[in-house]
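Breakdown of the fold
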Amino acid sequence: MGNVVVVGAGIAGIQAALDIAAHGIPVHLIEREPTIGGHMAMLDKTFPTNDCSMCILSPKMVDVARHPDITIHTCSEVEKIAGGIGHFRVTIKKHPRYIDESTCTGCGDCILVCPVEVYNHFDAGIGVRKAIYKPHSQAVPDIVIKDPDHCIECGLCYDVCGPGSVKREDSEQELVLDAASIVLSTGYSVFDAQKKPQFGHLSLPDVVTSLELERMINASGPTGGKIRRMSTGKTPESIVFIQCVGSRDMPLGRPYCSCVCCMQAIKNAILIKEKNPAMDVTICYMDIRSYGKGYEEYYERAKALGIRFLRGMPSDILADKNGLILQVENSETSEILMMHPELVVLSVGMGPAESLPDLARRFGIALEETGFVRTMHDALDTTSTLRPGIYVAGTAVAPKDIPDSVASGESAAMRAFRDAFRLRSA
Amino acid sequence: MARTKGYPEALEKKLHDQRYYREDSNPEFTTKVKGISRTIAHMCYQCGTCTGSCPSAPRSTYRIRNFMRRAVLGLENEALTDPDLWLCTTCYSCTDRCPRDIAPTDVIMAMRNLAFKRDIIPVNFLKTVTAIYSSGHGVPNNDVNRAAREKLGLTRDPPTTHMYPEYLPAIRKIIDHYKLKANADRIIKEREG
Ligand code: SF4
Ligand code: SF4
């Protein structure tokens, strides 16, 4: 039987799984996190349509959950791969969830009684969750997970759970899956802004990253969609975005452009300006790369709204008792500006997923010098890895925005389907 | 070359030159700056991070980014005759921060070298040469400093040519080898009589 294994359930992996399953090919969708959805589930709106990210992603997540030919394996990672094209054997390690997946109804009674609060990875560290939790309200599968590292064994959840789904003991499980072909869609990692210490992320409270901002302006995020200064909890009167943080940077060994940060900053600037017309919003950039369909028009719209595009980069963020200080040269006029914004947003770039080197070794595929997956040809074959039968989609190949990730998920699906189909007809 | 669209000849010449078409551009200047500075000025993408880090910028019209542009475009005269060339403090902040791994400070030093070859140099820089020639120090010790040093429990003079004047001739030999003192004296005399 020709199965396909899709590793990584962000938007690219979800799209690939749906397309393959639409041909009647059984798909196993492997996800490390307790929910599918990837980074896209964390975002507020998406450019250039200003669609709510979750509103367009969630129906696809539900389609995946309901599809008779798709099996979701959350909290799971690939341990090893044997065989070759047409007859792969993929060993999966499933981490314990401490929940009976078949009986949990996702009602959330346990979450209400849990007394422990910890930082929520899903909120990029600015919000909290319980020790028994759902990463977010639209999690798929719609069940909870218990975090044994923070659980204090108070026992409240065991008592409150109607179906008795909360487990005291749980263990790692191993699963071996047959696959005709494999799609790798493991996504990206967000640049750690602390690697640019001159910008003071996590030492200056009013310096946040673009992902933290996304969670803040998201209506279902930790601040209920209100933009806040971390120092005072008040709404800032002025914001400066700094572009290319961790992108196009030779000393950091990250020479590539991250493709999304310009548009993401423009999008967030528009959303903020529309809600707070009096707020002073500036984007410090070196080049605005608004290259996609409808993107340049979007950029023009931002300018018309009164968002200031300042061509020049600060080299650091200083602070005194009056607040932040940024020295910037307007490179179009040579004028020096001393700016004192109340909030600074670092537009952090994309890098290869931290787990990628290890995965590449297990998969027997090659990586590029940048750490992203090497494909057969950078122009003509961007989905085949160097190992036949293993395809790659989304930001595992290179930084990509959502439309491009979806397209590459579709194209990897076509390749993976071909292998599975050949096996079935043989 | 076939004439296109009836452009005037001069414009056509400009358009044909893919490199850069300002009349005063000298490609050799770019090469020379690169040779002396040993840095990759042509990789500059004009982000302005260097000016963002520069302590001289908010206090003057000096813009290091602008000099990087001149290095790339070969604008020799514009770079070497701009008095701002001498406002770099050589703090190396820009070199630390440039995302292209360029050393803008070294580009400035290379340009100063080239300017000096054309006798373009402010007199105070030449007086530094004279000071080093006579004392081994750009800023020689003085009585105020000596008193301060004594208070801190240090020797009145630092363990340099001030304490060991017998090493001065060697320093002078190096300076003389490059005719630095002779040129400095000549230019100071020309300017100050
Ligand atoms: S920081 Fe580097 S790349 Fe940017 S303008 Fe200065 S020299 Fe050029
Ligand atoms: S080395 Fe010169 S140009 Fe560079 S930051 Fe310091 S003063 Fe400015």
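Sequence positions are assigned chain by chain, starting from 1 and proceeding in written order. Whichever chain is written first becomes A and whichever ligand is written first becomes 1, with later ones labelled in order. Local features in this predicted model are restricted to residues whose pLDDT is 70 or higher, and side-chain atom pairs enter the listing and the counts only when it is 80 or higher, whereas totals over whole chains, interfaces and linings include all residues. The side-chain values count all of the structure's non-hydrogen atoms but skip hydrogen atoms and water molecules.

**Quick word on the sheet that holds strand β22 (residues 343–348) of chain A**
Across a sheet, paired strands are connected by hydrogen bonds in the backbone, their directions being either parallel or antiparallel. All names here are of chain A. Note the threshold: Pairing between strands is defined by DSSP: at least two bridges between them are needed. Counting from the N terminus, the helices are the DSSP runs of H or I reaching at least four residues and the strands are the DSSP runs of E reaching at least two. Helix axes are fitted only over the stretch in contact, all axes being lines through C-alpha atoms; the angle between N-to-C directions runs from 0 to 180 degrees.
Read across the open sheet, the five strands follow the order β15-β22-β16-β17-β18; overall the sheet is parallel. Unpaired on one side and paired on the other, β15 (207–209) and β18 (308–311) mark the two borders of the sheet. Ignoring which end each strand starts from, the neighbouring axes of this sheet average 25 degrees apart. As judged from the four bridges shared by strand β17 (residues 280–285) and β18, these two strands associate in the parallel manner.

**Some remarks on the interface of chain A and chain B**
The test is simple: We call two residues in contact whenever any of their non-hydrogen atoms come within 4.5 Å of each other. Accessible area, probed at 1.4 Å, shrinks when two parts are joined; the buried area is that loss added up over both. Every case where a carboxyl oxygen of Asp or Glu lies within 4 Å of a side-chain nitrogen of Lys or Arg is listed as a salt bridge.
Taken together, the contact pairs 18 residues of chain A with 20 residues of chain B. When chain A packs against chain B, the two sides together hide about 1,600 Å² of surface, and 47% of this comes from carbon and sulfur. Linking chain A with chain B are two salt bridges, by the criterion used here. Note that Arg65(B) and Glu329(A) form a salt bridge whose closest N and O atoms lie 2.8 Å from each other.

**Section: the domain arrangement of chain A**
Residues and elements named next belong to chain A. This is how it is decided: For each domain, the first and last residues come from an automatic or database assignment.
With domains assigned, chain A is organised as domain 1 (1–94 + 172–187 + 353–426), domain 2 (96–170) and domain 3 (191–349). For domain 1 and domain 2, the distance between their C-alpha centres works out to 27 Å. Interface area lost by domain 1 to domain 2 is led by Pro34, Thr35 and Met42, which between them contribute 37%. One can count one salt bridge joining domain 1 with domain 2.

**A few points about the packing of helix α5 (residues 210–217) of chain A against helix α6 (residues 261–275) of chain A**
Residue and element names in this part refer to chain A. Basically, it comes down to this: Here a crossing is taken to be left-handed if its near helix is turned anticlockwise relative to the far helix by less than a right angle, and right-handed if that turn runs clockwise. By the convention adopted, Pro, Cys, Tyr, Trp, Phe, Met, Ile, Leu, Val and Ala count as nonpolar, Lys, Arg, Asp and Glu as charged, and the other residues, Gly among them, as polar.
Viewed as axis vectors pointing N to C, α5 and α6 meet at an angle of 35 degrees, and their least axial separation amounts to 11 Å. Like other packed secondary-structure pairs, α5 and α6 cross with a definite hand, here left-handed. In this structure, α5 uses Ser210, Leu213, Glu214 and Ile217 to contact α6, whose residues at the interface are Gln264, Lys267, Asn268, Leu271, Ile272 and Lys275. When grouped by side-chain class, the residues that make up the contact of α5 with α6 number four nonpolar, three polar and three charged.

**Observations concerning the packing of helix α4 (residues 64–73) of chain B against helix α7 (residues 104–117) of chain B**
Residue and element names in this part refer to chain B. Relative orientation of the contacting elements α4 and α7 amounts to 65 degrees, with a least axis distance of 10 Å. In this structure, the crossing between α4 and α7 has a hand that is left-handed. On α7, the residues that touch Ile64, Phe67, Met68 and Ala71 of α4 are Pro104, Val107, Ile108 and Met111. A per-class count over the contact of α4 with α7 returns eight nonpolar, no polar and no charged.

**Describing the site of ligand 2**
Applicable threshold: Consider each residue's heavy atoms; a residue with any of them within 4 Å of a molecule or strand counts as near.
By nearness alone, every residue bordering ligand 2 is listed as Cys54(B), Pro55(B), Tyr62(B), Ile64(B), Cys88(B), Thr89(B), Thr90(B), Cys91(B), Tyr92(B), Ser93(B), Cys94(B) and Thr105(B). For the shell around ligand 2, the class distribution of residues is eight nonpolar, four polar and no charged.

**Description of the pattern of salt bridges**
All names here are of chain A. We apply this condition: Relative accessibility decides the category of a residue: with a 1.4 Å probe and only protein chains considered, values under 20% of the type maximum give buried, values over 50% give exposed, and everything between is partly exposed.
Inspection of every chain in the model, using the stated rule, returns 34 salt bridges over all chains. The salt bridge partner of Arg129 is Asp147, with a shortest N-O separation of 3.1 Å. In this pair, Arg129 is assigned in strand β9 (residues 128–130) and Asp147 in the loop between β11 (145–146) and α4 (156–160), connecting sequence segments 18 residues apart. Residue Arg129 is classed as buried on the basis of its relative accessible area of 13%. Three or more residues joined by partner-sharing salt bridges are found here, namely Glu79, Lys93, Asp358, Arg361 and Arg362.

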